[in-house]
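Here is how the chains run, residue by residue.
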Amino acid sequence: MGVSPMSSTGVGPVAKKKKLPETRARRPCHEMGSIMLSDEVKKEIDAEARHYPQRRAVVAEALKAVQARRGWVDDESLRDVADYLGLSFDEVDSIATFYNLIFRQPVGRHVILICDSVSCYLTGYEKLLDHLKKKLGIALGQTTADGRFTLLPNACLGLCEQAPAMMIDNETYGHLTAARIDEILGKHE
Amino acid sequence: MIEDKPLTSRMRSDGRAVSLQEYVAAGGYQGLRAALQLSRHQVIEQVAHSNLKGRGGAGFPTAKKWGLIPTDLARQPRYFVVNADEMEPGTMKDRLLMEGDPHQLIEGMIIGSYAVYASVAYLFIRGEYRQSNEVMKQAIAEAYQAGYLGQKILGSDFGLDLHVHTSAGRYMCGEETATLNALEGKRAIPRFKPPHPPVVGVWGKPTAFNNVETICCVPHILREGAHYFRSLSRTEDGGTKIYGASGRVKTPGLWELPMGTSAREIIFEHAGGVPDGCRFRGCLPGGASTAFLLEDHLDAPMDFMSLQAHGSRLGTGTLVVLDDTVCPVGMMLSLEIFFARESCGWCTPCREGLPWIAAMLEALEKGQGRQEDLHILQEHCDLLLLGRTFCALAPGAVDPLRSALKYFHDDFRRHVINRRCPWS
Ligand SMILES: Cc1cc2nc3c(=O)[nH]c(=O)nc-3n(C[C@H](O)[C@H](O)[C@H](O)COP(=O)(O)O)c2cc1C
Ligand code: SF4
Ligand code: FES
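Residues numbered from 1 in each chain as written. Chains lettered and ligands numbered in written order. Predicted model: local features only at pLDDT ≥ 70, side-chain atom pairs only at ≥ 80, totals over all residues. Heavy atoms only, no water.

## So, the domain arrangement of chain B
All names here are of chain B. Its domain assignment divides chain B into domain 1 (20–231), domain 2 (240–323) and domain 3 (328–417). Centre-to-centre separation of domain 1 and domain 2, based on C-alpha positions: 27 Å. Summing both sides of the interface, domain 1 and domain 2 together bury roughly 1300 Å²; the carbon and sulfur share of this comes to 62%. Of all residues in domain 1, the largest losses of buried area upon contact with domain 2 belong to Arg55, Glu88 and Met92, amounting jointly to 33% of the total for that side. (Domains from an automatic or database assignment. Buried area = accessible area lost by both parts, 1.4 Å probe.)

Shown next as structure tokens:
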């Protein structure tokens, strides 16, 4: 098990930022609206923002709305979210990179989050991780060549009584064995 | 018959959440009706008499916290925030409470908000808890429809808006002031205290902040009385507790038991003991950031005071059990990888110290450790104390390590002397 404490939050180092063209960086914030965010995403953001005294409270929700459609949050979308909420690119990026469930690099069609915390360690998750790595031919933090799976470690999933456990996309799976993993992966195209 | 499991007795065996109708039929929202007949001060007094202490890990008396909120009504609005970020490894109790009986939590949040004059409440749920998020959102919609939320609740002058804030991971988001930053849409680093959140909280306003399980206790205190709640417990701290056990036990799970039940009873009666042929070695009594207990300590009541005599604390009350088939150094490595990764990076001792600890434990596991490494590990335990770091994450990270170095010293030494992990 590699000790690289920082790299496993999100997917490795953050993509290098492009320099903002002056005009876009300076333009007034959300009055001008955004070029890229779809109306549907904007509506979602606005609906959520109604529950807070300040619009920026929904920044994580906005990034998730983007991610729900693209799979990850690219620089362009992040800039659009920043503009729409009246924040700077860097500030939104500092929030995006903080959360482990917001991906700043492309991920596969399905993201496997395997729990590497203590109860799963005690019930043998390491063997299952080896099985997953071998079966998928990738290491933690990587995506299969066919773009089907990304494999990431995750903190305790709160399924400790069913350890070892993992999550794929939005579904949780407990009582894992190698055979059960094979069966679950088979259901994800 | 007196209900001895008020928090879980309504839960269904098929896993579906208790509906509004089922909750009301079982006496639900009676606590709220009772509360609305009282003054806000009287509600806090009832909670004070119940001896309810925070179930989020620190055990702070709930009524005392609410009492810190200024009574001067000039400062509006006020907020009521419930922490459902539950990411402490080994802890899964708040998920059960939300997915099993969501209206109990909603009722508790309404009563709490009434007691502190809050007009807006947020439930901060971790992003990985998809089902909890869905169940709670649906139950909140039901509660609005039935008039338990919104304006003029149950015909009173009191109104409350309740909203779920779905987070996106990171243990740090559960640290009270970091939660408030996350809620405001900022990076989840902690804030300097004082001022404390009851005085200056989210958006600078007075804010009550509690754990899910704490708030689930509140309706029962209001409905059945403080005396009832205290009588549920075997010790001074009121109520029942959702205890849990995971790791090296036969039947891991969660159980609602009297506060003060012993770890021995939980592990050997409820969780079936360690697997056949294995020997119990130790346990973390309340999640990853509590110090180990050994066999000799297992008869102590699992309440907020008693475990301190054994150098540990109740924490979240969900036990993580180690037996002789797993290496204690490996277990510590797993714990410290978690803490190093989840450090928010704001203060240097934690940001630099925890990865260092994890790297040394990894070297030990690989048989590359040296005798002096054990001293350096001990030094970290002596230095990463509350007050030297900006929040309680780093002190929580070294609590189990300090006890492991003491109790499993021979195991650590064998890794150095034999230049390999005896379990590998
Ligand atoms: C790093 C860190 C993470 C925490 N995570 C949680 C959590 O997920 N849930 C929780 O209720 N308390 C958590 N706490 C404790 C809270 O800061 C706070 O004490 C608690 O929620 C207060 O509620 P209570 O008084 O009802 O216990 C955490 C503390 C720290 C230092
Ligand atoms: S102790 Fe760790 S988690 Fe807490 S503020 Fe410092 S760096 Fe952040
Ligand atoms: S430790 Fe893996 S789910 Fe809790």
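Additional details are given in the paragraphs that follow.
## So, the interface of chain A and chain B
Contact with chain A, which involves 45 residues of that partner, is made by 58 residues of chain B. Between chain A and chain B, a total of about 4300 Å² is buried, with carbon and sulfur atoms accounting for 59% of that surface. At the boundary of chain A and chain B, one finds 3 salt bridges. When the shortest N-O distance is used, the salt bridge between B:Arg130 and A:Glu171 registers 3.2 Å. Between chain A and chain B we count 21 residue pairs in polar contact (both at pLDDT 80 or more) in total. Taken together, the elements giving at least two residues each to the side of chain A that touches chain B come down to helix 3 (59–70), helix 5 (89–96), helix 6 (118–122) and strand 2 (149–154) of chain A. A total of 4 residues in the side of chain A that touches chain B trace back to one element, the largest contributor, which is helix 6 of chain A. Classifying every residue of the side of chain A that touches chain B gives 23 nonpolar, 15 polar and 7 charged. (Contact = heavy atoms within 4.5 Å. Salt bridge = Lys/Arg side-chain N within 4 Å of Asp/Glu carboxyl O. Polar contact = N/O pair within 3.5 Å; in protein donor to acceptor, adjacent residues only side chain to side chain. Helix = DSSP H or I, 4+ residues; strand = E, 2+ residues; numbered from the N terminus. Nonpolar A, V, L, I, M, F, W, Y, C, P; charged D, E, K, R; others polar.)

## Things to note about the site of ligand 1
Residues and elements named next belong to chain B. Residues in close proximity to ligand 1 total 19 residues, the closest being Gly56, Lys65, Glu176, Asn211 and Thr214. The side chain of Thr214 places a nitrogen or oxygen atom 2.7 Å from an oxygen atom of ligand 1. Taking 610 Å² as the accessible area of ligand 1 by itself, protein coverage stands at 89%. For the shell around ligand 1, the leading source of residues is strand 4 (residues 207–211), giving 3 residues. Broken down by class, the residue content of the shell around ligand 1 amounts to 6 nonpolar, 7 polar and 6 charged. (Near = heavy atom within 4 Å. Areas by Shrake-Rupley, 256 points an atom, 1.4 Å probe, with all protein chains shown as cover.)

## Description of the pattern of salt bridges
Residues and elements named next belong to chain B. Tallied over the full model, the rule gives 46 salt bridges over all chains. Across the pair Arg10 and Asp101 runs a salt bridge, and its minimum N-O distance is 2.7 Å. Pair noted here: Arg10 is in the segment before helix 1 (20–25) and Asp101 is in the loop between helix 5 (93–100) and helix 6 (102–115), with a separation of 91 residues, a long-range link. An identical accessibility class is assigned to Arg10 and Asp101; each is buried. The salt bridge partner of Asp276 is Lys250, with a shortest N-O separation of 3.0 Å. (Buried < 20%, exposed > 50% of the residue type's maximum accessible area, 1.4 Å probe, protein only.)

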